[in-house]
Amino acid sequence: MKKVDFRYLSQEDIMGLDISINEIIDVVEKGLVAHSNKQIEMPPKPGIHTRDGAFIHAMPAWIKDQDICGLKWVSGYPENGKIDLPSIAGLMILNDCETGMPLSVMDCRWLTAARTAAMTAITAKYCAKKDSQTLAVIGTGVQGTINALMLHAVMPKLKRVYAQDLNEDTRVRFAKYISEKTGIEVITNVETEEAIRKSDFVLTATENLKKPFIPFEWLKEGVCACGLEAARAFNKDVIESIDKFVTDDWGQTSYWLKTAAGAFAAPPNLYAEIGDIVSHKKAGRVNDKERFLVINIGMAIDDVALASLIYKKAVEKEIGQDLTLMENDKMF
């Protein structure tokens, strides 16, 4: 039996690959087309919950038409900041579809943030007004920051960001980084209600949210609102009155409706999965008056698609460590 190796990639290895925003959006968008065409295998993600408000999820997927597969084992522990650890962490395993052997084991923190933000950017491409100029970011941590960067890449007329966070240092750091990277004006001395009322696109990226706080009346005509914590930020009247409710995968969203307490204040009325909009099976925005609520629960196909790109670039650039899984088949 031949020796089995796999490539290990740390977070810093992955960041050193300098993968562009457009490359990330492109591979995630291709995965959405595969999803729409039923070219995937992706069971709802199971999880364990060792502490209140925390989770560890298993997220396997196979994109059939690209023949790439793998599994993400990701944890979310909101209290970790108190002990100087990130709230999101874990591993991504990319497998050979022919043999099942692991090709790569890599950090999944950067990957998770990047693919989540790519989904938001793709949402904006198809569901936001073409002339959107204002963005509200409620929650300016890692996710709020990378989402704002990717939204800037697909919203060419964006000129102002309203930033709100309970942590002033986080808010100030976000404003400095986004303004330096994009040249866009970032306003931090604004109340949440005002920020949302003034914005064409509303992003919520909060942690430990106990109850919804955004009523329908705050959402201006033509807005596209996107929640990264399911629909926990949005009142019942938003879900009941929104013109179009869009999600990444209705099967997973339905699963969360049943299993994730507080994820939705009311059952949504599905308009479309985002993949069907990307593949032009359903219309996205058809006028500038429609209000959208988009809740992307998070799909393992996004992780697999981006992990495959990361692995290919790492091999090309000879980045990472080759580790041995087994030398031979002798077990005893």
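Provided above is the structure to which this section pertains.
Here the structure is a predicted model, which means the values were calculated and not measured.

Cut-off values and rules
Residues numbered from 1 in each chain as written. Predicted model: local features only at pLDDT ≥ 70, side-chain atom pairs only at ≥ 80, totals over all residues. Heavy atoms only, no water. Helix = DSSP H or I, 4+ residues; strand = E, 2+ residues; numbered from the N terminus. Buried < 20%, exposed > 50% of the residue type's maximum accessible area, 1.4 Å probe, protein only. Core = buried A, V, L, I, M, F, W, Y, C linked by side-chain atoms within 4.5 Å. Contact = heavy atoms within 4.5 Å. Patch = residues over 30% accessible without salt bridge, like charges linked within 9 Å, V, L, I, M, F, W, Y side chains within 5 Å. Areas by Shrake-Rupley, 256 points an atom, 1.4 Å probe, with all protein chains shown as cover. Salt bridge = Lys/Arg side-chain N within 4 Å of Asp/Glu carboxyl O. Lys, Arg positive; Asp, Glu negative; His and termini not counted. Charge placed at Lys NZ, Arg CZ, Asp CG, Glu CD. Pairing = 2+ DSSP bridges. Axes fitted to C-alpha atoms, helices over the stretch in contact; angles between N-to-C directions. Phe/Tyr/Trp six-rings, centres within 6.5 Å; stacked < 30°, edge-to-face > 60°. Expected span 1.5 Å × (residues − 1). Arc of directions from axis to C-beta. Polar contact = N/O pair within 3.5 Å; in protein donor to acceptor, adjacent residues only side chain to side chain.

K.L.:
Give me unusual backbone geometry: which residues, what numbers.
P.N.:
Most peptide bonds take the trans form, and the phi angle of most residues other than glycine is negative. One non-glycine residue, lysine 38, adopts positive backbone phi at about 60°. Here lysine 38 is to be found in the loop between helix H2 (21-36) and strand E2 (40-41). In the Ramachandran plot, aspartate 84 falls in the positive-phi region, its phi being about 60° despite a non-glycine side chain. You can see aspartate 84 is positioned in the loop between strand E5 (68-76) and strand E6 (88-95). Aspartate 84 sits in the exposed class, given a relative accessible area of 72%.

K.L.:
Can you lay out the nonpolar core for me, pointing to particular residues and giving the numbers?
P.N.:
In this structure, Trp110, Phe201, Ile274, Leu306 and Ile310 are the most contacted members of the largest nonpolar core, which totals 73 residues. When residues in this core are grouped by element, the largest group, 12 residues, is from helix H3 (residues 109-127). The contact partners of isoleucine 310, leaving out residues within four places of it in the chain, are Leu9, Ile14, Leu17, Ile19, Met106, Trp110 and Leu111. With 29 residues, the next largest nonpolar core counts Ile187, Ile214, Trp218 and Val223 among its residues.

K.L.:
Describe a negative patch on the surface, listing the residues and the values that go with them.
P.N.:
Side chains of Asp131, Glu221, Asp243 and Asp288 sit close together on the surface and give a patch of like negative charge. Structurally, the position occupied by aspartate 288 is in the loop between helix H9 (274-278) and strand E15 (292-295). Judged by its relative accessible area of 45%, aspartate 288 is partly exposed.

K.L.:
Explain the sheet that holds strand E9 (residues 160-164) to me, using residue names and the numbers behind them.
P.N.:
On the basis of which strands lie adjacent, the open sheet formed by eight strands has the order E10-E9-E8-E11-E12-E15-E13-E14 and parallel pairing. Lying at the two open borders of the sheet, with one neighbouring strand each, are strand E10 (185-187) and strand E14 (270-273). Strand-to-strand twist in this sheet, taken as the mean axis angle between neighbours without regard to direction, amounts to 20°. In this sheet, E10 lies alongside E9 in parallel orientation, the contact comprising three bridges. Within E10, the residue paired with arginine 160 across the bridge is glutamate 185.

K.L.:
Residues and numbers for the pattern of salt bridges, please.
P.N.:
The tally for this structure, following the rule as stated, stands at 17 salt bridges. Notably, a salt bridge pairs glutamate 217 with arginine 197, separated by 3.3 Å at the nearest N-O pair. You can see glutamate 217 sitting in the loop between strand E11 (201-204) and strand E12 (224-227) and its partner arginine 197 sitting in helix H6 (residues 192-197), a full 20 residues away along the chain. Residue classification places arginine 197 among the partly exposed residues on the basis of a relative accessible area of 35%. Glutamate 240 is paired through a salt bridge with lysine 236; the nearest N and O atoms lie 3.8 Å apart. Pair noted here: glutamate 240 and lysine 236 are both in helix H7 (residues 236-241), with a separation of four residues, about one helical turn. The exposed category is assigned to glutamate 240, whose relative accessible area is 53%. Residues joined by salt bridges that share partners form a network here, namely Lys72, Arg115 and Asp303.

K.L.:
If you had to explain the environment of leucine 323 to someone new, which residues and values would you point to?
P.N.:
Mapped onto the elements, leucine 323 comes out in strand E16 (residues 321-326). The partly exposed category is assigned to leucine 323, whose relative accessible area is 32%. Each C-alpha atom of the pair leucine 323 and tyrosine 8 lies 6.7 Å from the other, and the pair is 315 residues apart in sequence. Once you skip the residues sitting within four places of it in the chain, leucine 323 turns out to touch Val4, Asp5, Phe6 and Tyr8.

K.L.:
So what's going on with the packing of aromatic side chains? Which residues, and what values?
P.N.:
By the definition in use, this model includes one aromatic pair. A centroid spacing of 6.3 Å and a plane angle of 70° characterise the contact between phenylalanine 245 and phenylalanine 264, whose relative ring orientation is edge-to-face. Linking phenylalanine 245 in strand E13 (residues 244-247) with phenylalanine 264 in the loop between helix H8 (250-259) and E14, this pair joins segments that are 19 residues apart in sequence. The exposure class assigned to phenylalanine 245 is buried, which follows from its relative accessible area of 2%.

K.L.:
Let's hear about helix H5 (residues 168-182): which residues, and what values?
P.N.:
For H5, built from 15 residues, the straight-helix expectation of 21 Å at 1.5 Å per residue is met to within 8% by its first-to-last C-alpha distance of 21 Å. Among the residues of H5, Thr170, Arg171, Phe174, Ala175, Ile178 and Thr182 are the ones counted as buried. Looking down the long axis of H5, one finds its buried residues gathered within 135° of arc, a one-sided arrangement. Relative to its buried face, H5 has exposed residues pointing more than 90 degrees away, namely Glu168, Asp169, Arg173, Lys176 and Glu180. Residues of H5 that are buried make contact with strand E8 (134-138), helix H4 (142-154), E9 and E10. The opening residue of H5 is asparagine 167, an N-cap whose side-chain oxygen sits 2.9 Å from the backbone nitrogen of aspartate 169.

Limitation: the analysis is restricted to geometry and does not speak to function.
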